[in-house]
Amino acid sequence: QVQLVESGGGLVQPGGSLRLSCAASGFTFNRYAMSWYRQAPGKGRELVASITEATGRTTYADSVKGRFTISRDNAKNTVYLQMNSLKPEDTAIYYCYARNTWYYYWGQGTQVTVSS
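The following paragraphs examine the structure supplied in this document. As the structure is a computational prediction, the values presented were derived from the model and not from experiment. (Residues numbered from 1 in each chain as written. Predicted model: local features only at pLDDT ≥ 70, side-chain atom pairs only at ≥ 80, totals over all residues. Heavy atoms only, no water.)

## Quick word on the state of the cysteines
Throughout the structure, instances matching the rule amount to one disulfide. Covalently, C22 is tied to C96 through a disulfide, its sulfur atoms 2.1 Å apart. Between C22 and C96, the S-S dihedral sits near -85°, and the bridge is therefore left-handed. Within this pair, whereas C22 is found in strand β3 (residues 18–25), its partner C96 is found in strand β9 (residues 92–99), the two being separated by 74 residues in sequence. Relative accessible area serves as the criterion here: at 0%, C96 is assigned to the buried category. (Disulfide = S-S within 2.5 Å. Helix = DSSP H or I, 4+ residues; strand = E, 2+ residues; numbered from the N terminus. Buried < 20%, exposed > 50% of the residue type's maximum accessible area, 1.4 Å probe, protein only.)

## Some remarks on the pattern of salt bridges
Tallying each qualifying case throughout the model produces four salt bridges. Ionic pairing is found between D90 and R38, a salt bridge with its closest N-O pair at 2.9 Å. On the criterion of sequence distance, the pair formed by D90 in the loop between β8 (78–83) and β9 and R38 in strand β4 (residues 33–39) is long-range, its members being 52 residues apart. Across the pair, exposure class does not vary: D90 and R38 are buried alike. A salt bridge links D90 to R67; its shortest N-O distance comes to 2.8 Å. In this pair, D90 is assigned in the loop between β8 and β9 and R67 in the loop between β6 (58–60) and β7 (68–73), connecting sequence segments 23 residues apart. By the burial criterion, D90 is buried, and R67 matches it. By sharing partners, the salt bridges in this structure join R38, E46, R67 and D90 into a single network. (Salt bridge = Lys/Arg side-chain N within 4 Å of Asp/Glu carboxyl O.)

## Regarding the pairing of β3
As defined by bridge partners, strand β1 (residues 3–7) adjoins β3 across five bridges and the pair is classed as antiparallel. Looking across to β3, one finds that L4 is bridged to A24. (Pairing = 2+ DSSP bridges.)

## Structural notes on the nonpolar core
Counting residues in each nonpolar core, the largest one holds 30 residues, and the members touching the most others are L4, M34, W36, V79, L81, M83 and Y94. Those elements that place two or more of their residues in this core are β3, β4, β5 (45–51), β7, β8, β9 and β11 (110–114). Apart from the residues within four sequence positions on either side, M34 is in contact with L4, F29, A49, S50, I51, I70, R72, V79, C96, Y97 and A98. (Core = buried A, V, L, I, M, F, W, Y, C linked by side-chain atoms within 4.5 Å. Contact = heavy atoms within 4.5 Å.)

## Some remarks on the packing of aromatic side chains
One pair of aromatic rings is described through two measures. These are the centre distance and the angle between the planes. Under the criterion given, the structure shown has eight aromatic pairs. Where F27 meets Y105, the ring centres are 5.2 Å apart and the plane angle is 35°; that geometry is what we call tilted. One end of the pair, F27, is in the loop between β3 and β4; the other, Y105, is in strand β10 (residues 104–106), with 78 residues separating them in the sequence. Aromatic pair Y97 and Y104: ring centres 6.1 Å apart, planes at 40°, arrangement tilted. What makes Y104 exposed here is its relative accessible area of 54%. Members of the aromatic cluster, joined through ring pairs, are Y37, Y95, Y97, Y104 and W106. The ring of Y95 carries R45 above its face, with NZ or CZ at 3.8 Å from the centroid. A cation over a ring is seen here: R45 above W106, with NZ or CZ 4.6 Å from the ring centre. (Phe/Tyr/Trp six-rings, centres within 6.5 Å; stacked < 30°, edge-to-face > 60°. Lys NZ or Arg CZ within 6 Å of the ring centre and 35° of its normal.)

The following block contains the structure:
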């Protein structure tokens, strides 16, 4: 049974930091590219960051470059999103996403709220 379980979300003040984790099971993690998406209220789902399965090459949305860092630990089947200098506009549900040539999977999401 495939599972992607996100954790680490919560309420943080502007300028603060959070680290999201996504624990994967039920598939061969190191053969999947991993991504984080987010969806703010009333908006569509937006790609935040991605990391490839082999080389660990990363890409980021312009809105988070220099503030967010995606990483993966293939030994722990886990992908992370370190979020620094958080802004109110980063408020959203953050989703973990796994894909390869044939399959893709979504996590259930974790809420991040940036507010004073």
